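Chain by chain, the residues:
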Amino acid sequence: MAPDDVRVLEDTERRFEDGTVLRVRVLDVPVSEKFPDGVKYRLHYGTDDGETLLRYDNSHGVHERHTPDGLDEDYEFPGYGAVQKRFWDEVEQLRD
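In this text, all values refer to a predicted model and were calculated from it rather than measured experimentally.

Draft legend 1. Quick look at the pattern of salt bridges. A complete count under the given rule lists 11 salt bridges for this structure. Between glutamate 13 and arginine 23 there is a salt bridge, and its shortest N-O distance comes to 2.9 Å. With glutamate 13 in strand S1 (residues 7-15) and arginine 23 in strand S2 (residues 20-28), this residue pair connects regions lying 10 residues apart in the sequence. Between aspartate 48 and arginine 15 there is a salt bridge, with its nearest N and O atoms 2.2 Å apart. Here aspartate 48 is found in the loop between strand S3 (39-47) and strand S4 (52-57), whereas its partner arginine 15 is found in strand S1, with 33 residues between them in sequence. A network of salt bridges, in which partner residues are shared, links Glu13, Arg15, Arg23 and Asp48.

Structure representation (structure tokens):
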């Protein structure tokens, strides 16, 4: 994948006073067997000291959901739009 083939759609980091951090990185990549949707993403909410509270990603070409307990083995990818909505809904619940 040449750098010209990749476009950054979102690259955000936000730190909160409670010591949590939100990192969102979404790339438009060429459609391939590894990334059939043409999207590579990492949606992360955690602590400043590195604890994952919630993360959705397909960095390795596999759609994953991570929690403080580790990899959610029961997770089934519902489509990227649904993942984004679910991530933001879950972050809101965690922040309440």
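Draft legend 2. Local environment of empty space enclosed by the protein. Counted according to the given criterion, the structure contains one cavity of 30 Å³ or more. If you add up the space inside the largest cavity, you get close to 40 Å³. Looking at the largest cavity, the residues that line it are Lys34, Phe35, Pro36, Asp37, Gly38, Val39, Asn58, Gly61 and His63. Tallied by class, the residues present in the lining of the largest cavity amount to three nonpolar, four polar and two charged.

So, how was this worked out
- Residues numbered from 1 in each chain as written.
- Predicted model: local features only at pLDDT ≥ 70, side-chain atom pairs only at ≥ 80, totals over all residues.
- Heavy atoms only, no water.
- Salt bridge = Lys/Arg side-chain N within 4 Å of Asp/Glu carboxyl O.
- Helix = DSSP H or I, 4+ residues; strand = E, 2+ residues; numbered from the N terminus.
- 1 Å grid on protein atoms, 1.4 Å probe; cavity = no way out; pocket = protein on both sides within 12 Å on 5 of 7 lines; lining within 4 Å.
- Points joined across faces, edges and corners; volume = space filled by probe spheres on them.
- Nonpolar A, V, L, I, M, F, W, Y, C, P; charged D, E, K, R; others polar.

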